[in-house]
Each structure stands twice: as structure tokens, then as C-alpha cells.
Amino acid sequence: MIEGIVILVVLAVVGTVAYVLYKRWSYKHTIERLVAILFPSGGDQIDETVRDIDEMTHGRFTREEILDYYLKIKGLQIIDLHSHADNGIRKFLMEPTKVRLTYFEQVKFYEIYLNYPQAVGKSIL
């Protein structure tokens, strides 16, 4: 009887840990795919974009928060969620951003980044 309870507890703990690890892996994989689509020139383009947004917001946010904001806002602009996005990307893009920009920061962001022409027409499939 006690052995059965111990086995159930161990299975519950292992299942929970596996689920958490899978979610982290899935989140990281989704971000990697979005970065590859939105930053076709690689790391230098990411650094330049993050630096520009950091200057625009006067250093109020971390690199991770800025990247999260850019990926979600720009991703929603260029990725067709109904035909070309997988579940991970769709879920990521539909989550709220980690930060909120002020009105003037948003206007500047939209002027600079959302009017950017798409570098390469890519389907994420």
C-alpha cells in the first residue's frame, strides 16, 4: 500500500518536472525560430535593434524584455497566425508583452520598426 503511494508520488513529481522542462524547451525553441525569421542577419542585427530600443526607452527595460516586446509586436505584424504559424509561435505571439511602452515610445517604435519592409518573405513552415 505504502509502496504504491510512493510510486504515485514519484511519478507525479517526475511528470511535473518533465512538463516544466518541456515547456521551457518549447519556449526557447519558439524564440529561436522567431529570431531566425525576424533577424535574418543574425546577432549583430539583434544587438543593434535592442540597443536602439534601449536608448528609446532610456534604459528602463532589460534585454530580455526588449526582445520579448520586439518579437511579439513585429511577429504579429509579419506572421500570418491562421495559415503559417505553429501552435508554439501562435501561443507566444498571443501572450501579453512583458513590458508596456509609453505612448510616445510606442509611436516611435511603430514609426521605426513596423514600417520596416520585411527582409525576406519567409513562411515558417
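Residues numbered from 1 in each chain as written. Predicted model: local features only at pLDDT ≥ 70, side-chain atom pairs only at ≥ 80, totals over all residues. Heavy atoms only, no water.

**Considerations on the environment of Arg-63**
Formally: Strands here mean DSSP runs of E at least two residues long; helices mean DSSP runs of H or I at least four residues long; both are numbered from the N terminus. Only protein chains enter the accessibility calculation, which uses a 1.4 Å probe. A residue is then buried if its area is under 20% of the maximum for its type, exposed if over 50%, and partly exposed in between. Contact between two residues is taken to exist if any of their heavy atoms lie within 4.5 Å; hydrogens are not considered. N or O atoms closer than or at 3.5 Å make up a polar contact, with two conditions inside protein: a donor-capable atom paired with an acceptor-capable one, and, for residues adjacent in sequence, both atoms drawn from side chains.
Here Arg-63 is to be found in helix H3 (residues 63–78). On the accessibility criterion, Arg-63 (43% relative accessible area) is partly exposed. Separated by ten residues in the primary sequence, Arg-63 and Ile-53 place their C-alpha atoms 9.4 Å from one another. Setting aside anything within four residues of it in sequence, one finds Arg-63 in contact with Ile-46, Asp-47 and Val-50. Here the side chain of Arg-63 touches Asp-47 through a polar contact of 3.0 Å, side chain to side chain.

**Thoughts on the nonpolar core**
This is how it is decided: For this analysis, a nonpolar core means a set of buried residues of the types Ala, Val, Leu, Ile, Met, Phe, Trp, Tyr and Cys, connected via side-chain atoms within 4.5 Å.
Judged by nonpolar contacts, the single largest core of 26 residues is most densely connected at Phe-39, Leu-71 and Phe-109. Taken together, the elements giving at least two residues each to this core come down to helix H1 (2–38), helix H2 (43–56), H3, helix H4 (87–94) and helix H5 (103–114).

**Some points on the packing of aromatic side chains**
Keep this limit in mind: Only Phe, Tyr and Trp rings take part, Trp by its six-membered ring, and two of them pair if their centres are within 6.5 Å. Stacked means planes under 30 degrees apart, edge-to-face means over 60, and tilted covers everything else. Should the NZ of a Lys or the CZ of an Arg lie within 6 Å of a ring centre and within 35 degrees of the ring normal, that charge is described as sitting over the ring.
Following the criterion strictly, the structure yields nine aromatic pairs and no others. With 5.5 Å between their ring centres and 90° between their planes, Tyr-70 and Tyr-113 make a pair best called edge-to-face. On the criterion of sequence distance, the pair formed by Tyr-70 in helix H3 and Tyr-113 in helix H5 is long-range, its members being 43 residues apart. Given the relative accessible area of 3%, Tyr-113 is considered buried. These aromatic residues form a ring-pair network of at least three members: Phe-39, Tyr-69, Tyr-70, Phe-109, Tyr-110 and Tyr-113. Directly above the ring of Phe-92 sits Lys-72, whose terminal nitrogen or CZ lies 4.9 Å from the centroid.

**A look at unusual backbone geometry**
The backbone of His-58 sits at a positive phi, close to 60°, despite the residue not being glycine. Residue placement: His-58 occurs in the loop between H2 and H3. Relative accessible area serves as the criterion here: at 70%, His-58 is assigned to the exposed category.

**Quick notes on the pattern of salt bridges**
The condition that has to hold: We define a salt bridge as a side-chain nitrogen of Lys or Arg found within 4 Å of a carboxyl oxygen belonging to Asp or Glu.
Evaluation of the coordinates by the stated rule reveals five salt bridges. Put simply, Lys-98 and Glu-64 hold a salt bridge, and the shortest N to O gap is 2.6 Å. With Lys-98 in the loop between H4 and H5 and Glu-64 in helix H3, this pair connects stretches of sequence that are 34 residues apart. The exposure class assigned to Lys-98 is partly exposed, which follows from its relative accessible area of 42%. Classification of Glu-64 as exposed rests on a relative accessible area of 52%. Between Asp-68 and Lys-72 there is a salt bridge; the shortest N-O distance is 3.0 Å. Here the residue Asp-68 and the residue Lys-72 both occupy positions in helix H3, the gap between them amounting to four residues, near one helical turn. The class of Asp-68 is buried, set by a relative accessible area of 3%. Through salt bridges with shared partners, one network takes in Asp-68, Lys-72 and Glu-95.

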